[in-house]
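# Understanding the architecture of this molecule
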Amino acid sequence: MEAKQSAHDILTRLRSLDAKWLRIYWVDATASSKCRLIPMKRVYKTLESGKPLTISILQGALGMLPCDMLVPGVSATHTYNLHPDWSSLKRGPVKDHASCYGEFKQIDGSDCVLCPRRLLRKTTEQAGAMGLDFLVGFEIEFVALEKLPHGTVENGSKYRTIPNDGHAWSTSRALAEWGRGDSIVSALDEMVDLLDAADIAVEQLHAESTPGQFEIVLPPLPPLQACDALLHARQIIESTAARHGFRVTLHPKPSPGLPGSASHAHMSVIKNNHSRHHSSSPPSHHIEEVETEVYESFYAGILSHLPAIAAFTYANPASYERAVDSFWAGGRWVTWGTQNRETPLRKCEGAHWEFKALDGLANPFVAISALLKAGCDGVTNQVSLKAWKDCEPDPASLKPEQRTALGITRELPKDLNQALEFLAADSTLEGLVGREFVQRYVDIKRAELAFLGPMADDERRQWLVERY
């Protein structure tokens, strides 16, 4: 936090960005991105005085639905202090703005156990004490929708799908309008420039299967920095698309019947290197994977707790519209496979695996914390991956006896209600994540279900597209 950098260093970095505004972001349990803007002149004045920069935020902010309703048991009294983590400071997401992510603390300076970002920070610190570090790299899938003229509504929506003019997965035709100013493809060029200006490297960019759908691949970083980069990148993508007249959505299934969007996470388990452990820079050398038995126990730990983990990674009712079999979405069976995209865990190479049961409506700090907690529990208890055989085919295509022979005996939850039931039944994962945090999280999700449940399917989809 602030103590890691001197006020002089922070001011030097801020001035180098030449911004008028500072955005301090946080992301709540509903994955709603929130921020406060502070004029940079006030930021300079505060830091030059020797005082820390903090913002007083209603405690109810960590018990609120996207419609601004407080969940039962949460009141409108008392406040937290939001502290910027200056290591997350980046340029953008728009001209003359700089941004960073904050952590909530109590008024007396002690930790707030309900803060999602604090949860991931503590999780990585505890794993580091075990001798484990991690690299995480996210894939950002999003769908761009055309904004209708102001006041216009078609089929209950203010947006419409971009016409399908030969758009398909990785097709070059989807990029044919690159350079035409009013196309989403030209917005992609600007997005990548702004990501580069914010020191967020782009490894790949390609078209996905749904019209207007693209994927940007981010590089591997330590977990906290990876989540910060993911969230900042999403802000840049959303803002840039809006300037070009498009609405970007992370909705897992914005168009029924068409492929959906995820937020796949590539994970590598590596040996602890304290000289790099708290670095905000991408690793460049001295990366050493852990032994095979260690990373296999790590991923076995995730599989052991996966039905309950889904409450954090498939965190919205809409998540289960995408989480289907035989659609390259990771499927609904608890298993793994080498280079198998129909399993929720895909082994890529060595200790590098991809987790596919994650979408953009999950809070990444919480989701990655749950995965790391479960994996570390697997290492601690030396859980064997041999309980699950390497699944080569689509598990949904197998007969029951074939699945049993591969150790495939459980399915992922069918909806968020069932995911919360699995979480309630997994007392080990609840204890690992933290009972107070989990209880608040479950309370929010139950309230979210009660709010979204009565809506018709189209109404709920439109409501979510407007907010995610």
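The model shown is predicted, which means the values in this text are computed figures rather than measured ones.

## A short note on unusual backbone geometry
Following Gly 92, the chain continues to Pro 93 via a peptide bond in cis, the omega torsion being 15 degrees. Mapped onto the elements of the fold, Pro 93 is located in the loop between strand S4 (79-91) and strand S5 (97-105). Even without glycine at this site, Asp 18 takes up a positive phi of about 50 degrees. The class for Asp 18 is exposed, based on a relative accessible area of 61%. Despite not being glycine, Asp 68 shows a phi value in the positive range, around 75 degrees. Within the fold, Asp 68 resides in the loop between strand S3 (55-58) and S4. The class for Asp 68 is exposed, based on a relative accessible area of 53%.

## With respect to the packing of helix H3 (residues 116-129) against helix H8 (residues 364-380)
Running from N to C, H3 and H8 point in directions that differ by 25 degrees, and their axes come no closer than 8 Å. Here H8 runs roughly parallel to H3, going by the angle between their axes. The hand of the H3/H8 crossing is left-handed. Across from Pro 116, Arg 117, Leu 119, Leu 120, Thr 123, Thr 124, Gln 126 and Ala 127 in H3, the residues of H8 making contact are Phe 365, Val 366, Ile 368, Ser 369, Leu 372, Lys 373 and Cys 376. Among the residues forming the contact of H3 with H8, the class breakdown is 9 nonpolar, 4 polar and 2 charged.

## Description of the nonpolar core
Ranked by size, the top nonpolar core spans 109 residues in total, and within it Phe 142, Ile 184 and Ile 302 carry the most contacts. If one sorts the elements of this core by residue count, helix H6 (residues 292-313) sits on top with 13 residues. Sequence-distant contacts of Phe 142, defined by excluding residues within four places in its chain, comprise Leu 188, Met 191, Gly 212, Gln 213, Phe 214, Ile 216, Ile 237, Val 248, Thr 249, Leu 250 and Ser 261. Among the nonpolar cores identified, the runner-up in size contains 28 residues, and Leu 14, Ile 55, Leu 62 and Leu 82 belong to it.

## A look at the confidence of the model for the chain
Summarising the model, the chain shows a mean pLDDT of 92, and 96% of its residues fall at 70 or more. Within the model, the stretch residues 275-285 combines pLDDT values under 50 with 20 contacts to residues more than four positions away or in other chains.

## Quick word on the pattern of salt bridges
With the rule as written, the count across this model stands at 30 salt bridges. Notably, a salt bridge pairs Arg 173 with Asp 165, separated by 3.0 Å at the nearest N-O pair. The class for Arg 173 is partly exposed, based on a relative accessible area of 48%. Between Arg 435 and Glu 430 there is a salt bridge, with its nearest N and O atoms 3.8 Å apart. A cluster of three or more residues bridged by salt bridges with shared partners is formed by Asp 85, Glu 103, Lys 105, Asp 111, Arg 117, Arg 118, Arg 121, Lys 122, Glu 125 and Asp 228.

## Brief notes about the side chain of His 167
Tracing the chain through its elements places His 167 in the loop between strand S7 (159-161) and helix H4 (184-197). Within the structure, the side chain of His 167 is placed 3.1 Å from the backbone oxygen of Thr 210, a separation counted as a polar contact. Here His 167 is in contact with Ala 174, Ala 207, Glu 208, Ser 209, Thr 210, Pro 211, Gly 212, Gln 213 and Phe 214, once residues within four sequence places are set aside.

## Some remarks on helix H1 (residues 7-17)
Of the positions making up H1, those classed as buried are Ile 10, Leu 11, Leu 14 and Leu 17. Across the axial projection of H1, the buried residues extend over an arc of 120 degrees, all falling on one side. On its buried face, H1 is in contact with strand S1 (21-27), helix H2 (40-48), S4 and S5. Asp 18 lies just past H1 and shows a positive phi near 50 degrees.

## Notes on the sheet that holds strand S2 (residues 33-39)
If you walk across this open sheet you meet the 5 strands as S2-S1-S5-S4-S3, and the pairing is mixed. Of all strands in the sheet, those with a lone pairing partner are S2 and S3, marking the two edges. Sheet twist, expressed as the mean angle between neighbouring strand axes with direction ignored, is 40 degrees. Pairing of S1 with S2 involves 7 bridges; the strand directions are antiparallel. Of the residues in S2, the one forming a bridge with Val 27 is Ser 33. Taken strand by strand, H1 contacts S1, S4 and S5, and its axis lies near 60 degrees from that of S4.

## Regarding the side chain of Ser 297
Relative to the assigned elements, Ser 297 resides in helix H6. In terms of polar contacts, Ser 297 uses its side chain to reach the backbone carbonyl oxygen of Val 383, at 2.9 Å. Beyond its immediate chain neighbours, meaning those up to four positions away, Ser 297 contacts Gly 375, Gly 378, Val 379, Gln 382 and Val 383.

## Details of the packing of H4 against helix H5 (residues 223-243)
Contact geometry of H4 with H5 gives a least axis separation of 9 Å together with a crossing angle of 140 degrees. With respect to their mutual orientation, H4 and H5 come out oblique. Here the hand of the crossing between H4 and H5 comes out right-handed. Contacts from Ile 184, Ala 187, Glu 190, Met 191, Leu 194 and Leu 195 in H4 reach Ala 233, Ile 236, Ile 237, Thr 240, Ala 241 and Arg 243 in H5. Looking at the contact of H4 with H5, its residues break down into 9 nonpolar, 1 polar and 2 charged.

The rules behind the values
Residues numbered from 1 in each chain as written. Predicted model: local features only at pLDDT ≥ 70, side-chain atom pairs only at ≥ 80, totals over all residues. Heavy atoms only, no water. Helix = DSSP H or I, 4+ residues; strand = E, 2+ residues; numbered from the N terminus. Buried < 20%, exposed > 50% of the residue type's maximum accessible area, 1.4 Å probe, protein only. Axes fitted to C-alpha atoms, helices over the stretch in contact; angles between N-to-C directions. Parallel < 35°, antiparallel > 145°, perpendicular 65-115°, else oblique. Left-handed = near helix turned anticlockwise from the far one by under 90°. Contact = heavy atoms within 4.5 Å. Nonpolar A, V, L, I, M, F, W, Y, C, P; charged D, E, K, R; others polar. Core = buried A, V, L, I, M, F, W, Y, C linked by side-chain atoms within 4.5 Å. pLDDT = per-residue confidence, 0-100. Salt bridge = Lys/Arg side-chain N within 4 Å of Asp/Glu carboxyl O. Polar contact = N/O pair within 3.5 Å; in protein donor to acceptor, adjacent residues only side chain to side chain. Arc of directions from axis to C-beta. Pairing = 2+ DSSP bridges.

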